[in-house]
Each structure stands twice: as structure tokens, then as C-alpha cells.
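Here is how the chains run, residue by residue.
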Amino acid sequence: MTTITDIARALNISTATVSRALNHSRLITPALTAKISKAAEKMGYVKRHIRRPQGRSILNIKLILPQLIEPERALFFDFSALISGIKAGFKKCEINLICDANSPTCRLYPHKKGGDTNGFIFAFHPPSAFQLKELKAHGTPFIVLNRDIPELPCVATENALGMEQLVTHLLKKRPGIKPAFVSLDGLGQIHERRLNGLVKTCEHHQLPFDRDKDVFLFPNIHSINPQKVRSLSKPYNVLICVNDIVGTVVLSELERLGISVPSQIAVTGFDDSPVRQLSRPLLTTISLPVARLAESAAARLEHAIVDSITTPEVLKLPGELILGQST
């Protein structure tokens, strides 16, 4: 089997230079990288799996978080659960976890001497088209957490099943439910997946729900005011909120209006966010299993790095129905 030492001898250069070139280090000029890559291909070089001295290896993993314009959106998951889950998922290797926000200035490969990045985790947002091009050029494994994107390696929550759990629970409490879906602009795929799940569930149970008339999309949290909430409480007896942040605000406005929850109207959330603990009455919700999502994503990423096996299929994990007093 051809090694980097064989390539180095053939080209009369150091093994370190060959290694850097084959790992797309920017310390090596494009011309020399091309020369080394051509020689490696001609000599039949195949990149080996990661070596694990004494069964262990240390990987550099970069966690890319979304840049949130609205500060309240930082309340929808437990950051410590995310980190703990990622660490738990790497069972064969130790990791150095590097965190960055996906701002306009974010660069996946920013430092010439910063060491190689072995893998990326994009949490709660997908990589951009430019980032995907960079990842492909460098050949770096990556995974997307809590997004469902065809042909990309993803681990996501099962939103449709969550909506089925909520509606089934509501039907046990009040058979004649008339639901509305309350959501926010800018949630993208999360809004669509949860709304689609609600539409299918209502169709299955033969419940009245029109995705054009019974969906209320607010531009931001601050636009959910008493007047608009009062108008929702008249034709509907269930408000299914896209997440716990929206649900908590809706509960607050209903209390200000003197509308009793759940006797007059029921309210649900989604995600089991930390902010839910502030809701009164406590929201009924579906858990977003952040730690399990992160652990599964990390395990798949480790498999891709160590064994060079990438599975592009989306892995979906179910959440659990968590009962509160709001239904």
C-alpha cells in the first residue's frame, strides 16, 4: 500500500508537506498541492482511516451555531444539553470542540496555523451553498442537527409525530376541537414541517382546519398583542403554537385578557424549551430531545470521520408529549 512517505520520497519533499497537501492545508501552495495530489493518484494512494493510538484519537470538531437576530430565540434550547450530547456521541475519540456563530464573517477554514478541522456540526441551521462548496472541496465530514434536508446528512426531530401526539391528547380532553396554528415569520423549515404535520393530523381525524384561514403568522414576538389574541380566542378553542416561546407569550396575553386556560381555550407549545418553565399555566408541549439529537449527530459524524462512511439519509428522532395545565 502506498504511503505518504512513498510519495514524499518520489517527489523529494517532506512527509509533513505531503500530509498537509493531502489534507488541503492552506500552508501549501495550490500548485504544489495539485502536484502532490496528482502523484498520489498515480501511485494509487488511498487515504487511511484515522489512527487511534491506544484506541483513542483527538479530533477537532467545529460547532456552527445560527446567528440570532431576535434575542428571545436563544431561549428555545438548553445549550449545555447540546454540548453534553455532542461529547457523549464521540465514543471512539476525544474531541476539541470549537464553537462559532454563523455570522456574515464566519469562515469554516479561517486559520492557516489553526490545525485541521476534522468535522463540522451545523446546529439548528443548514450550511449555505458556499459553505457546502467549501466542505466538498476540503472533503471534511459534516452533519446538520435539527434540520431535515434531502441528500444532506441530518439528524432531526420528528415534527409530524409531535403534532399527532398533541392533537390526540387534545381530542381526549375535548372531542370538538377547533384548532388554530400560531407561528412566526422566519422559522423556515420548522414552521413548514410542523404545519404540514398538523394539516395531515387534522385530515386523519377529520377535524376542520384550513391552512390558509386557520394559520396566523406574526412578524415577531412583540406583535403578539392582546387585541390579536382576543380575536383568536373567539372562533377557536385550541391554539397550537409553533414553539414554547410563542405559547408562553400567548398564555400571558390570555391572562391579561381574563380568558381562562384551559376551560375557555387550550394552548400548546413545542420543544420543551427552558422558557416553558416560566409559563403559567404550565404549557403542554412536545420535547425537542436536544441531547439525544446531538449524541446521534456526533455518533454519525464520528463514523464518517473514522470509518469514512457517510450516510446522507435524514435520521428522525421522536419527542415525547409533556403534559402541562394549559390543556
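This structure is a prediction, so every number in the text was calculated from the model and none was measured.

Asker: Just to check I follow, could you spell out the side chain of Glu134 for this structure?
Answerer: Locating Glu134 in the fold gives a position in helix α5 (residues 129–138). For Glu134, which is buried and forms no salt bridge, the nearest opposite charge comes from Arg107, at a distance of 6.2 Å. The contact partners of Glu134, leaving out residues within four places of it in the chain, are Leu108 and Tyr109.

Asker: I'm lost on helix α4 (residues 79–89) in this one. Help?
Answerer: Side chains three or four residues apart in an α-helix point the same way, a direct result of the helix having 3.6 residues per turn. Turning to α4, its buried residues are Ala81, Leu82, Ile83, Gly85, Ile86 and Gly89. Here the buried face of α4 lies against β1 (58–65), β2 (94–101), β3 (119–123), β4 (142–145) and α10 (290–307).

Asker: Help me understand the pairing of strand β7 (residues 215–218) in this model?
Answerer: Taken residue by residue, a regular strand's side chains alternate between the two faces of the sheet. With 4 bridges connecting them, strand β6 (residues 179–184) and β7 associate as parallel partners. In the strand pairing of β7, Leu184 is matched with Phe218.

Asker: Mind showing me how you'd approach helix α3 (residues 30–42) here?
Answerer: Under the 1.5 Å per step criterion, the end-to-end length of α3 is 18 Å for 13 residues, consistent within 8% with the ideal 18 Å. Considered for burial, the residues of α3 that qualify are Thr33, Ile36, Ala39 and Ala40. On an axial view of α3, the arc spanned by its buried residues comes to 130°, and they lie on one face. Residues Pro30, Ala31, Lys38, Glu41 and Lys42 are exposed on α3 and point more than 90 degrees away from its buried face.

Scoring rules and cut-offs
Counting starts from 1 at the beginning of each chain's written sequence and moves along it residue by residue. It should be noted that, the model being predicted, local features are given only for residues of pLDDT at least 70 and side-chain atom pairs only at 80 or more, the latter also being counted only at that level, while totals for whole chains, interfaces and linings use all residues. Excluding hydrogens and water, the side-chain values take into account all heavy atoms of the structure. Put simply, DSSP H or I for four residues or longer makes a helix, DSSP E for two residues or longer makes a strand, and each gets a number counted from the N terminus. Only protein chains enter the calculation, and the probe is 1.4 Å; a residue is then buried if its accessible area is under 20% of its type maximum, exposed if over 50%, and partly exposed in between. When charges are counted, neither His nor the chain ends are considered; positive counts come from Lys and Arg and negative counts from Asp and Glu. Salt bridges are counted wherever a side-chain nitrogen of Lys or Arg sits within 4 Å of a carboxyl oxygen of Asp or Glu. Only heavy atoms enter the contact rule, under which two residues are in contact if any of them lie within 4.5 Å. Pairing between two strands is assigned when DSSP locates at least 2 bridges connecting them. Expected span, for any helix, means 1.5 Å times one less than how many residues it has. Directions from the helix axis toward the C-beta atoms define the arc.

In short, geometric facts, not functional conclusions.
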